[in-house]
Amino acid sequence: MLAIVAVLATPETVELRWGSRPYRPQRVSADHGDKPAYVAAAGAGIAAFSVFGLFTSVAPAFVAGELHRPSRALAGAIVFAVFAAAAAAQTLTGHLRENARQPLGPVLQALGLVVLVIGMRSTSLTAFLVGGIVTGIGSGVLFKDAVGKVVAMAAPDRRGEALAGLFLFSYLGLIVPVLGMGLAMLQLPATTVITWFAAIIIVLLAAIAALGARRRTTAQS
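Residues numbered from 1 in each chain as written. Predicted model: local features only at pLDDT ≥ 70, side-chain atom pairs only at ≥ 80, totals over all residues. Heavy atoms only, no water.

What am I meant to see in the environment of alanine 127 here?
Relative to the assigned elements, alanine 127 resides in helix α6 (residues 125–153). Residue alanine 127 is classed as buried on the basis of its relative accessible area of 18%. Distance from alanine 127 to leucine 116, taken between C-alpha atoms, is 6.4 Å for residues 11 residues apart in sequence. Dropping the residues within four chain positions of it, alanine 127 is found in contact with Val115 and Gly119. (Helix = DSSP H or I, 4+ residues; strand = E, 2+ residues; numbered from the N terminus. Buried < 20%, exposed > 50% of the residue type's maximum accessible area, 1.4 Å probe, protein only. Contact = heavy atoms within 4.5 Å.)

See below:
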């Protein structure tokens, strides 16, 4: 209900043009003149949303099983803490310049995943929670930066389709890794599966950082 009220109270920033033009679905597009930058933004969306998928699906079962904390309130509090950290980070880093914000997301997300895995392997709820919060902060900053890049590269009349493409890739990151982890856990321990998940995401973050560094070097030369 609060969300509905907030949406209704938000002022419109686009001029409404009423007419008889028939409705047509908005197309989804990933071609906006700077393919390497769009690929990096899509990869960032996948990395950020895959972490959110981890905490909304697999992590509560791990806390109840391997950490022997079956409280549903605790599981919900952990998920809330991760998402709240992401939202707070997006708000608090809004004043940062792009060159300062860009490396912050990948570094914090990678660091958080390492602490998360340490907490899992040492069965430490504290380390697990700290790792989750740091990962959430990194994911929030990472996705905010991705949205900003897509908005900046797309022409004003194509921003809708550019963002639709970004969110399509991001939601694939929310779905596919979780399904893969669920299937893998039928044969392997949860700690092993999530460790491999963290390693793959860290490699993806490194690739995104390398692509961004290469793009900046090309632009300066």
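Next comes the rest of the write-up.
What should I look at first to understand the UniProt feature "transmembrane region" (unreviewed entry) in the chain in this one?
With numbering matched to this structure, UniProt assigns "transmembrane region" (unreviewed entry) to residues 37–62, 74–93, 113–143, 163–187 and 193–213. Spanning residues 74–93, this segment combines 95% helix with 0% strand, and its end C-alpha atoms are found 28 Å apart. End C-alpha to end C-alpha, residues 163–187 measures 37 Å, and it is 88% helix and 0% strand. (UniProt positions renumbered as here; feature names shortened; annotations may be inferred.)

Would you take a moment to explain the confidence of the model for the chain for this structure?
Low-pLDDT portions of the prediction should not be read for the details of their coordinates. Here the chain averages 86 in pLDDT, and 90% of its residues register 70 or above. Within the chain, the lowest mean pLDDT, 73, falls on helix α4 (residues 98–101), and the highest, 93, falls on helix α5 (residues 104–121). (pLDDT = per-residue confidence, 0-100.)

Just to check I follow, could you spell out the packing of aromatic side chains for this structure?
The description of an aromatic ring pair rests on the distance of the ring centres and on the angle between the ring planes. As enumerated under the stated definition, the model contains eight aromatic pairs in all. Pairing phenylalanine 49 with tyrosine 171 gives two aromatic rings, centres 5.2 Å apart and planes at 80°, and the pair type is edge-to-face. With phenylalanine 49 in helix α2 (residues 35–65) and tyrosine 171 in helix α7 (residues 159–184), this residue pair connects regions lying 122 residues apart in the sequence. An aromatic cluster is defined as three or more aromatic residues linked by ring pairs; in this entry it consists of Phe49, Phe52, Phe83, Phe143, Phe167 and Tyr171. (Phe/Tyr/Trp six-rings, centres within 6.5 Å; stacked < 30°, edge-to-face > 60°.)

Help me out: how do you make sense of unusual backbone geometry in this one?
Generally, phi is negative for residues other than glycine and the peptide bonds are trans, each holding for most cases. Located in the positive-phi region is histidine 68, a residue other than glycine, with phi close to 55°. For histidine 68, the position within the fold is in the loop between α2 and α3 (72–92).

Sorry if this is basic, but what is going on with the packing of α2 against α6 here?
Between two packed helices, both the angle of their axes relative to each other and the distance between the axes serve to describe the pair. In contact at an axis separation of 8 Å, α2 and α6 are set at 150° when each is read in the N-to-C sense. Between α2 and α6, the crossing angle belongs to the class labelled roughly antiparallel. The two elements α2 and α6 meet at a crossing, and its hand is left-handed. In terms of residue class, the contact of α2 with α6 is made up of 19 nonpolar, five polar and no charged. (Axes fitted to C-alpha atoms, helices over the stretch in contact; angles between N-to-C directions. Parallel < 35°, antiparallel > 145°, perpendicular 65-115°, else oblique. Left-handed = near helix turned anticlockwise from the far one by under 90°. Nonpolar A, V, L, I, M, F, W, Y, C, P; charged D, E, K, R; others polar.)

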